Amino acid sequence: MVWVLSGDAPVADVNEYAVLGAMADKADADGCGSWLAKETIANRVHVSDETVKRCWRNMLRRGLIAKGDQALVRHYRADRRPVVYDLLIPYDWFSNVDRVNAERDRLGRAPLTPEDRPPIAPAPAKRGRADKGIARPKPPSRGNSETPREDVSPNTHGGTASRPRGNYKSSTGDLV
């Protein structure tokens, strides 16, 4: 989680940041074993299932995540098994790699090495807006959707003025 929240994970946009954060929340200290379903991630971070799938594709291609040990979800029914992903946190990022490797040894995993977890390339540069530098068209002074204003002489006292409308006396005679 700290790798993502600290801003060290080279995410391309806010959607990748949110998806990776949700995955990191359920991963081990070494970034392994995150198996949230795309629907679960989509609900947690308020994006569509397609956005989650697109983020996964892009992060897989850039090396932020990789498919992990699918045996971790063997207890799920075969047609309902989510994909297990590992967050590929670079070896150099861990300040406590000995503690992480001790935990990996306890779980029967190979220790992390610089070869297993190389540095990740920076996120791709964000594309600029296609309309950057182009002036927006000015709206007409008063469009068709606005009620035309009547020519009313301005009040000299600065307050509001109303025309008398019909009978201003109450039918009960009490209110004037």
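Below is a summary of the structure that appears in this document. (Residues numbered from 1 in each chain as written. Predicted model: local features only at pLDDT ≥ 70, side-chain atom pairs only at ≥ 80, totals over all residues. Heavy atoms only, no water.)

## Here's the deal with the overall build of the chain
Turning to step 1, where the next piece is worked out: Along its length, the chain carries five helices and two strands.
Turning to step 2, where the next piece is worked out: From first element to last, N terminus to C terminus, the chain shows the α and β order α-α-α-α-β-β-α.
Turning to step 3, where the next piece is worked out: Per-residue burial over the chain gives 27% buried out of 176 residues.
Turning to step 4, where the next piece is worked out: When contacts within the chain are restricted to residue pairs at least 6 apart in sequence, those whose partners lie at least 24 apart make up 54%.
Turning to step 5, where the next piece is worked out: Carbon and sulfur atoms make up 51% of the accessible area of the chain, which amounts to about 13,200 Å² in all. (Helix = DSSP H or I, 4+ residues; strand = E, 2+ residues; numbered from the N terminus. Buried < 20%, exposed > 50% of the residue type's maximum accessible area, 1.4 Å probe, protein only. Contact = heavy atoms within 4.5 Å. Areas by Shrake-Rupley, 256 points an atom, 1.4 Å probe, with all protein chains shown as cover.)

## Topic: the pattern of salt bridges
Turning to step 1, where the next piece is worked out: Tallied over the full model, the rule gives nine salt bridges.
Turning to step 2, where the next piece is worked out: Between Arg109 and Asp30 there is a salt bridge, with the nearest N and O atoms lying 3.3 Å from each other. Of this pair, Arg109 sits in the segment after α5 (97–106) while Asp30 sits in the loop between α2 (14–26) and α3 (38–45); the two residues are 79 residues apart in sequence, bridging distant segments of the chain.
Turning to step 3, where the next piece is worked out: Judged by its relative accessible area of 21%, Arg109 falls in the partly exposed class.
Turning to step 4, where the next piece is worked out: Looking at Asp30, the relative accessible area reads 3%, which means it is buried.
Turning to step 5, where the next piece is worked out: Between Arg106 and Glu103 there is a salt bridge, and its shortest N-O distance comes to 2.7 Å. In this pair, Arg106 and Glu103 are both assigned in helix α5, three residues apart and thus about one turn of the helix distant.
Turning to step 6, where the next piece is worked out: Take Arg106: its relative accessible area is 60%, and that puts it in the exposed class.
Turning to step 7, where the next piece is worked out: Each of Asp28, Asp30, Arg104 and Arg109 takes part in one network of salt bridges that share partners. (Salt bridge = Lys/Arg side-chain N within 4 Å of Asp/Glu carboxyl O.)

The values reported here are purely geometric and, on their own, carry no functional implication.
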